[in-house]
Amino acid sequence: MSADHPAPAADDQPIVITVDADDPRYGFGVDVGGSGVKGGIVDLETGELVGDRFKITTPQPATPDAVAATVAQIVAHFGWTGRVGITLPSVVAGGVVRTAANIDKAWIGTDPYELFGRHLSSPGLSVLNDADAAGLAEVRYGSNDDDVDGVIIMLTLGTGIGSAIVLPGGQLLPNTELGHLRVGDDEAEAQASSRAKEVNDWSYKHWAGKLSRVLAEYEMLFSPALFIVGGGISRKADKWVPLLTNSTPVVPAILRNTAGIVGAAMAAEARMRP
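Residues numbered from 1 in each chain as written. Predicted model: local features only at pLDDT ≥ 70, side-chain atom pairs only at ≥ 80, totals over all residues. Heavy atoms only, no water.

> Would you mind going over the side chain of T110 with me for this structure?
Here T110 lies in the loop between β7 (96–97) and α2 (112–119). Residue T110 is classed as buried on the basis of its relative accessible area, which comes to 15%. In this structure T110 touches P64, G95, V96, V97 and L115, once residues within four positions along its chain are discounted. (Helix = DSSP H or I, 4+ residues; strand = E, 2+ residues; numbered from the N terminus. Buried < 20%, exposed > 50% of the residue type's maximum accessible area, 1.4 Å probe, protein only. Contact = heavy atoms within 4.5 Å.)

So, in structure tokens, the structure goes:
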């Protein structure tokens, strides 16, 4: 079976689960995006997926019930019966979805726990912002050096800028949305996202100057010990990280496409702790 599937076939069969869903070592994460919904079983000791992830194209329109039904298909594909963590491209605060990026605006005001509870037979659910989930995963399993003592900021540079702030001890400061912070005359993501580089046809040197200015602003506000940078452009970090002029070390993300799934499973595990 391949790792990703654009859509489930009519005769798609669940895979045989090889782990005990009640074993606290294992969790399940689903990462909801504007183009695809993907999920898998996570070994919470190593941060690695157990087998392949499974992906289904995001339904259009991406309404709450349509997306929740897709999440249920992914969980059923693995025959998973344990706790489930789910990411959304949204601010999730006070048990309510507050924003909706790349999904239907009907999500705003939705109670995601009630919604997914209707579609899933799970003993426990956790729902959080997608960038927050990626940050949790990268700090625990990816780029974090054991010698780093302080705030770590994870940024995803893509169409916009997603952000996660992880405090010492692994505690998350949720829903930071640093890409919308104004730096100078414009929002940070209008200057430092990979889309801004592409649309404006900037060289790496010119774009690195813009990114350095944004990172310096974040440094002034949060005094981080480390920046972890994800998104497709992180694969070419050797071309632009050496050009940055901000003070805080910058390292590329390691987990990349699995970070959201892993972080979602971590959040579900944390929610289930007594």
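> Sorry, what's going on with the side chain of T248 here?
With respect to the secondary-structure elements, T248 resides in the loop between α7 (237–240) and β15 (250–252). Apart from residues lying up to four places away in sequence, T248 is in contact with E219, P224, A225, L226 and F227.

> Whenever I open this one, the sheet that holds β15 confuses me. Can you help?
Pairing between sheet strands relies on hydrogen bonds along the backbone, with the strands arranged either parallel or antiparallel. The five strands lie next to each other as β11-β10-β9-β14-β15, forming an open sheet whose pairing is mixed. Among the strands making up the open sheet, the edge pair consists of β11 (171–173) and β15. When the angles between neighbouring strand axes are averaged without regard to direction, this sheet yields 25°. (Pairing = 2+ DSSP bridges. Axes fitted to C-alpha atoms, helices over the stretch in contact; angles between N-to-C directions.)

> So what exactly am I meant to see when it comes to the pairing of strand β14 (residues 226–230) here?
On a regular strand, each side chain points to the face opposite its neighbour's, so the side chains alternate between the two faces of the sheet. Most of β14 is tucked away: five of the five residues are buried. Judged from the five bridges that link them, strand β9 (residues 152–157) and β14 form a sheet pairing that is parallel. Residue pairing across strands places I153 opposite F227, the latter belonging to β14. Sheet topology note: the β14/β15 ladder contains three bridges and is parallel. By the bridge assignment for β15, F227 is matched with V250.

> It is not clear to me how the pairing of strand β4 (residues 54–57) should be interpreted in this structure. Could you clarify?
Residues F54 and I56 point to one face of β4 and are all buried, whereas K55 and T57, pointing to the other face, are not buried. Examined bridge by bridge, strand β2 (residues 36–43) and β4 share four bridges and lie antiparallel to one another. Bridge pairing in β4 places V37 opposite I56.

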